[in-house]
Amino acid sequence: MATKAQSFDYRQSMMNKQFEVFHYRDRKGENISIHHHDFFEIYFLLEGNVDFLVEGKTHHLEPGDLLLISPQELHQAQIRPNAMYERIVLWIDRNYLAGLGGDFSDLTGCFDHDSPMHTNLLRPDKIRRAALQDLLEKLTIEFYGGKPGGDLYAQGLLLQFMVEVNRLVRNITTQQPRQEEPDLVSQVLTYIGSHFQENITLENLAAEFYVSKYYLSHEFSKRVGISIYRYVIFRRLMQAKELMEAGNAPGAVYQTCGFGDYANFYRAFKSEYGISPKAYFAEVNS
C-alpha cells in the first residue's frame, strides 16, 4: 500500500489534541535545528541517508528503522543531500497515550528511560517492519481521508501500532543495533546535559575536552545548528518548563536550572516560548 506524501510542515507543535501523522517524501530534505517536543514522537524511515542525533547520541539509520523520542529529548535529523528522503512521523499527546493503556498494558512503556533495555532506536526484522509500515500507511489514509468513521478507524490503528511497538521493545535482546562511537560534539552534548545547571562556558568546555575553543565552537555550530551558549540556555529552559509543570513556582526554579538571576530567566523564557514564566506556570497549573 502506498500513501500520498505531503508537503513538509515546519511547525513543531501539535494542533490535534490526540495524535498527528505525517508522510513526507522529498529529495532535498529539510534540516530542522535541534529541538524538543512536549509530546511523544515516532519516526519511521522509509528511504534516505540519515543520521539522527538524540540526546547526544548519533544513530545512523537504515530504511525500516524506528526512532522513539520522548518528550523533552533534544533531537535532530541530519540529512545527507541529493538522495530521496522518505519517512512517516507520528506525534502522540502524552496524556492521550497514557489513557489508551489498560490495567495490564502501559503503552508509554516503550519510551521508559528507567527500563534497563531502553533504546531510542529499533531495528525490526523484515516481517515486523512490513507490518508496522502497513499500519502506519493505513493510519495516514484514515487520518486524512475524511471518510465516515475515519477518526475512529485511525484511533484503532494507532492502538494496534502502539501495542506492536511495545511488544517489539519487550522482545529486544542484548544484540542491539551497532551505534557509532561518540564524537567530540556528541560528548559535549552529553556533558552539557549533565552539567547545564553549572556555570558552563566555551572556555571551560574546551579545557574539559582538550581542544581549542575556536575549533569546538565551529564544530558544534556546524553540527547542531546553534551555538554552545544557545544550547545551554535551551537545556535550562527545558528543565524550567518541566519543573513548573510539576508545580514549582518560577521564582523557585530559575536558580535550580542554572540562571544567575530571575531577569535573565524571564527574558530567555519569554523569547523562546512567547509567554512569561508566571503566565506559563498559571496556564499549566490551572
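Our subject is the structure listed above.
Residues numbered from 1 in each chain as written. Predicted model: local features only at pLDDT ≥ 70, side-chain atom pairs only at ≥ 80, totals over all residues. Heavy atoms only, no water.

## Here we look at the overall build of the protein chain
- If you tally the helices and strands in the protein chain, you get 10 helices and 8 strands.
- Projected onto its principal axes, the C-alpha coordinates of the protein chain cover approximately 55 × 45 × 35 Å.
- When burial is assessed residue by residue, the protein chain has 45% of its 286 residues classed as buried.
- When contacts within the protein chain are restricted to residue pairs at least 6 apart in sequence, those whose partners lie at least 24 apart make up 71%.
- For the protein chain, the computed accessible surface area is about 14800 Å², with 50% contributed by carbon and sulfur atoms. (Helix = DSSP H or I, 4+ residues; strand = E, 2+ residues; numbered from the N terminus. Buried < 20%, exposed > 50% of the residue type's maximum accessible area, 1.4 Å probe, protein only. Contact = heavy atoms within 4.5 Å. Areas by Shrake-Rupley, 256 points an atom, 1.4 Å probe, with all protein chains shown as cover.)

## Structural notes on unusual backbone geometry
- Within the chain, Y210 stands out as a residue other than glycine whose phi angle is a positive 60 degrees.
- Mapping Y210 onto the fold places it in the loop between α5 (202–208) and α6 (213–224).

## A look at empty space enclosed by the protein
- Throughout the structure, instances matching the rule amount to 1 cavity of 30 Å³ or more.
- Lining the largest cavity are 20 residues, and of these F8, Q12, I32, E41 and V89 lie nearest its centre.
- Secondary structure elements with two or more residues in the lining of the largest cavity: β1 (19–26), β2 (40–47), β6 (75–79) and β7 (85–92).
- The residue makeup of the lining of the largest cavity, split by class, is 11 nonpolar, 4 polar and 5 charged. (1 Å grid on protein atoms, 1.4 Å probe; cavity = no way out; pocket = protein on both sides within 12 Å on 5 of 7 lines; lining within 4 Å. Points joined across faces, edges and corners; volume = space filled by probe spheres on them. Nonpolar A, V, L, I, M, F, W, Y, C, P; charged D, E, K, R; others polar.)

## Digging into the pairing of β1
- Within β1, 7 of the 8 residues are buried, which leaves the element mostly enclosed by the surrounding structure.
- With 8 bridges connecting them, β1 and β7 associate as antiparallel partners. Each residue of the ladder has a partner; that of V21, found in β7, is L90. (Pairing = 2+ DSSP bridges.)

## Digging into the packing of helix α7 (residues 228–245) against helix α10 (residues 277–284)
- At a minimum axis separation of 9 Å, α7 and α10 run at an interaxial angle of 40 degrees. In terms of orientation, α7 and α10 fall into the oblique class. Here α7 runs over α10; the crossing is right-handed. Contact residues: K241, M244 and E245 in α7; P277, Y280, F281 and V284 in α10. (Axes fitted to C-alpha atoms, helices over the stretch in contact; angles between N-to-C directions. Parallel < 35°, antiparallel > 145°, perpendicular 65-115°, else oblique. Left-handed = near helix turned anticlockwise from the far one by under 90°.)

## Quick word on the packing of aromatic side chains
- The final tally for this structure, using the stated rule, is 16 aromatic pairs.
- The rings of Y254, F259, Y262, F265, F269, Y273 and Y280 are connected pair by pair, giving a single aromatic cluster.
- Between the NZ or CZ atom of R230 and the centre of the ring of F234, over which it lies, the distance is 5.9 Å.
- Residue placement shows K241 over the ring face of Y273; its charged tip is 4.4 Å from the ring centre. (Phe/Tyr/Trp six-rings, centres within 6.5 Å; stacked < 30°, edge-to-face > 60°. Lys NZ or Arg CZ within 6 Å of the ring centre and 35° of its normal.)

These figures capture arrangement, not role.
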